[in-house]
Amino acid sequence: MTKVLVLYYSSYGHIEKLADAVAEGARGVGAEVDIRRVAETAPAAVVEAAHFKTDTAHAEIESPDALADYDAVIVGAPTRFGRMPSQMAAFWDTTGPLWFKGALAGKVGAAFTSTATQHGGQETTLFSIITNLMHHGMVIVGLDYGFEGHAGAGEAHGATPYGASTIAGSDGQRQPSDVELDGARYQGRRVAEVAGKLKG
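- An unreviewed UniProt entry lists the protein under the name NAD(P)H dehydrogenase (quinone), with Sphingomonas gellani as the source organism.
- According to the UniProt record, the Sequence similarities (unreviewed entry) comment for the protein is "Belongs to the WrbA family."

As for the UniProt feature "binding site: FMN" (unreviewed entry) in the protein
Working step 1: According to UniProt, the feature "binding site: FMN" (unreviewed entry) maps to Ser-10, Ser-11, Tyr-12, Gly-13, His-14, Ile-15, Thr-79, Arg-80, Phe-81 and His-135 in the numbering used here. The annotated residues occupy 126 residues of the chain and do not converge on a single region, their most distant C-alpha atoms lying 28.9 Å apart. When the annotated set is filtered for residues lining the largest pocket, what remains is Ser-10, Ser-11, Tyr-12, Gly-13, His-14, Ile-15, Thr-79, Arg-80 and Phe-81.
Working step 2: Counting through the fold element by element, Ser-10 comes out in the loop between β1 (3–8) and α1 (14–27).
Working step 3: Residue classification places Ser-10 among the buried residues on the basis of a relative accessible area of 12%.
Working step 4: The residues touching Ser-10, leaving out its near neighbours within four places in the chain, are Ile-15, Glu-16 and Lys-53.
Working step 5: Looking at Ser-10, its side chain comes within polar contact range of the main-chain nitrogen of Gly-13, at 3.0 Å.
Working step 6: Tracing the sequence through the fold places Ser-11 in the loop between β1 and α1.
Working step 7: With residues up to four places along the chain from it excluded, the contact list for Ser-11 reads Phe-52, Lys-53 and Arg-80.

Here's the deal with the environment of Thr-125
Working step 1: Mapping Thr-125 onto the fold places it in helix α5 (residues 122–135).
Working step 2: Considering only alpha carbons, one finds Thr-125 and Arg-83, 42 residues apart in sequence, at a separation of 4.0 Å.
Working step 3: For Thr-125, the contacting residues outside a window of four places in its chain are Ala-77, Pro-78, Thr-79, Gly-82, Arg-83, Met-84 and Thr-113.
Working step 4: For Thr-125, the side chain forms a polar contact with the main-chain nitrogen of Arg-83, separated by 3.3 Å.

Considerations on the packing of α1 against helix α6 (residues 178–199)
Working step 1: For the pair α1 and α6, interaxial distance at closest approach is 6 Å and the crossing angle is 45°. By the angle between their axes, α1 is oblique relative to α6. Crossing handedness for the pair α1 and α6: right-handed. Each of Lys-17, Leu-18, Ala-21, Val-22, Glu-24, Gly-25 and Ala-26 in α1 lies in contact with α6, whose residues at this interface are Glu-180, Leu-181, Ala-184, Arg-185, Gly-188, Arg-189 and Ala-192.
Working step 2: For the contact of α1 with α6, the residue count by class is seven nonpolar, two polar and five charged.

Observations concerning α1
Because each turn of an α-helix spans 3.6 residues, side chains separated by three or four positions in sequence point in the same direction.
Working step 1: The end-to-end C-alpha distance of α1, which contains 14 residues, comes to 20 Å, matching closely the 20 Å that a straight helix rising 1.5 Å per residue would cover.
Working step 2: Most of α1 is tucked away: ten of the 14 residues are buried.
Working step 3: Within the span of α1, buried status applies to His-14, Ile-15, Glu-16, Leu-18, Ala-19, Ala-21, Val-22, Ala-23, Gly-25 and Ala-26.

Quick look at the pairing of strand β2 (residues 32–37)
Working step 1: Inspection of the sheet shows β1 paired to β2 by six bridges, in the parallel sense. Note on β2: the bridge partner recorded for Leu-7 is Arg-36.
Working step 2: In terms of handedness, the path from β1 via α1 over to β2 forms a crossover that is right-handed.

Here's the deal with the pairing of strand β3 (residues 72–78)
Working step 1: Extensive coverage of β3 is indicated by the burial of seven of its seven residues.
Working step 2: Side chains Ala-72, Ile-74, Gly-76 and Pro-78 of β3 all project onto a buried face; the interleaved residues Val-73, Val-75 and Ala-77 project onto the opposite face, where all are buried too.
Working step 3: As paired elements, β1 and β3 share five bridges and run parallel to each other. Paired with Val-4 across the bridge in β3 is Ala-72.
Working step 4: Where β3 meets strand β4 (residues 108–115), seven bridges bridge the pair, whose relative direction is parallel. Each residue of the ladder has a partner; that of Pro-78, found in β4, is Ser-114.

Thresholds applied
- Residues numbered from 1 in each chain as written.
- Predicted model: local features only at pLDDT ≥ 70, side-chain atom pairs only at ≥ 80, totals over all residues.
- Heavy atoms only, no water.
- UniProt positions renumbered as here; feature names shortened; annotations may be inferred.
- 1 Å grid on protein atoms, 1.4 Å probe; cavity = no way out; pocket = protein on both sides within 12 Å on 5 of 7 lines; lining within 4 Å.
- Helix = DSSP H or I, 4+ residues; strand = E, 2+ residues; numbered from the N terminus.
- Buried < 20%, exposed > 50% of the residue type's maximum accessible area, 1.4 Å probe, protein only.
- Contact = heavy atoms within 4.5 Å.
- Polar contact = N/O pair within 3.5 Å; in protein donor to acceptor, adjacent residues only side chain to side chain.
- Axes fitted to C-alpha atoms, helices over the stretch in contact; angles between N-to-C directions.
- Parallel < 35°, antiparallel > 145°, perpendicular 65-115°, else oblique.
- Left-handed = near helix turned anticlockwise from the far one by under 90°.
- Nonpolar A, V, L, I, M, F, W, Y, C, P; charged D, E, K, R; others polar.
- Expected span 1.5 Å × (residues − 1).
- Pairing = 2+ DSSP bridges.
- Right-handed = clockwise from strand over helix to strand, strands pointing away.

Here it is as structure tokens:
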């Protein structure tokens, strides 16, 4: 059975919702899926003042070594000034020993994100994640144009060819739309399918 890890960081819950949808898509084609989050590294005072969402059903990832147990790793993180946030970057900064051994080379990698606005840096954030995955030698799967939601222009929505995404609104009030959740499910499914073929 293909094993997929959905690894995320979420400040306000938008990425967490996308992570659940990504996992749903991967499970839909028979993959075994775990969802894990990275540790919160912001000071407690900042977390409290910014009203970060701290209740979650998902456990923290045990250690970077756990990544090697999966055939695919799908990484989700919100945008901070057009790149992945420090919480996720700090985690990847600890994966040097895996890189040295080539432990992730040939596995499948993917990314998804959230921004406050349409032009808040979704694509640059996705690439900041994808760059880490490529340095580990991973095979990247985006949100390809088999996903019909790319074609719709009737409403503002996330979803780029580089990965699923959502728009949260300047105060976080907007939740992922059906199109955005469908994109996340589609990407999860495609990652699991590609990983299964490579594993086979």
